[in-house]
Amino acid sequence: RIITGIDELPISVSLRVYPNPFSETLQISMQGAALRFYIVLYDAVGRSLKSFERKVETYVSWQEHLDFTQQSPGIYTLLVTKPGGTWTKTYKVIKQ
């Protein structure tokens, strides 16, 4: 999948990825309008490690914990995308 345009998150959506740096667990939280989105985690050489889709049905707060206990320390990229590529948000996260 190639994303040709990158837009910021809609004003109605608040997205946080924390703590950064982290040791074992990374938390993703989103608050805002109902929407569907994809999350993909890449390692430093661009291999996809995890990928999943979430759908938030109503205006709510959503959160998920990603377990990194099996991953080596290093820099990872977390990509959050709305289907159709209408917006994408990229985070660099560091596992200590």
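Residues numbered from 1 in each chain as written. Predicted model: local features only at pLDDT ≥ 70, side-chain atom pairs only at ≥ 80, totals over all residues. Heavy atoms only, no water.

Draft legend 1. Up close: the pattern of salt bridges. Using the criterion set out here, one finds 2 salt bridges in the structure. The partner of aspartate 43 in a salt bridge is arginine 47, and the shortest N-O contact between them spans 2.7 Å. Note that glutamate 64 is salt-bridged to arginine 54, the shortest N-O span being 2.8 Å. Here arginine 54 lies in strand 4 (residues 48-56) and glutamate 64 lies in strand 5 (residues 60-67), a separation of 10 residues in the sequence. Using a relative accessible area of 16% as the deciding quantity, one classes glutamate 64 as buried. (Salt bridge = Lys/Arg side-chain N within 4 Å of Asp/Glu carboxyl O. Helix = DSSP H or I, 4+ residues; strand = E, 2+ residues; numbered from the N terminus. Buried < 20%, exposed > 50% of the residue type's maximum accessible area, 1.4 Å probe, protein only.)

Draft legend 2. Looking closely at the packing of aromatic side chains. The final tally for this structure, using the stated rule, is 2 aromatic pairs. With a centroid separation of 4.6 Å and 65 degrees between ring planes, the pair formed by phenylalanine 22 and phenylalanine 68 is classed as edge-to-face. Of this pair, phenylalanine 22 sits in the loop between strand 1 (13-18) and strand 2 (25-32) while phenylalanine 68 sits in the loop between strand 5 and strand 6 (74-81), placing them 46 residues apart in sequence. For phenylalanine 22, a relative accessible area of 2% puts it in the buried group. For the pair phenylalanine 68 and tyrosine 76, a centre-to-centre distance of 5.4 Å together with 70 degrees between the ring planes defines the contact as edge-to-face. (Phe/Tyr/Trp six-rings, centres within 6.5 Å; stacked < 30°, edge-to-face > 60°.)

Draft legend 3. Spotlight on the side chain of aspartate 43. Within the secondary structure layout, aspartate 43 lies in the loop between strand 3 (35-42) and strand 4. There is a polar contact of 3.1 Å between the side chain of aspartate 43 and the backbone nitrogen of valine 45. Every residue in contact with aspartate 43, bar those within four places of it in the chain, is listed here: Leu49, Ile75 and Tyr76. (Polar contact = N/O pair within 3.5 Å; in protein donor to acceptor, adjacent residues only side chain to side chain. Contact = heavy atoms within 4.5 Å.)

Draft legend 4. Quick peek at unusual backbone geometry. The peptide bond linking tyrosine 18 to proline 19 adopts the cis configuration, its omega dihedral lying at -15 degrees. Relative to the helices and strands, proline 19 resides in the loop between strand 1 and strand 2.

Draft legend 5. The arrangement of the pairing of strand 6 in detail. Among the 8 residues that make up strand 6, 6 are buried, leaving the element largely enclosed by the rest of the structure. Examined bridge by bridge, strand 3 and strand 6 share 5 bridges and lie antiparallel to one another. Bridge pairing in strand 6 links tyrosine 38 to threonine 81. Where strand 6 meets strand 7 (residues 88-95), 8 bridges bridge the pair, whose relative direction is antiparallel. Residue pairing for strand 7: isoleucine 75 is matched across the bridge by isoleucine 94. (Pairing = 2+ DSSP bridges.)

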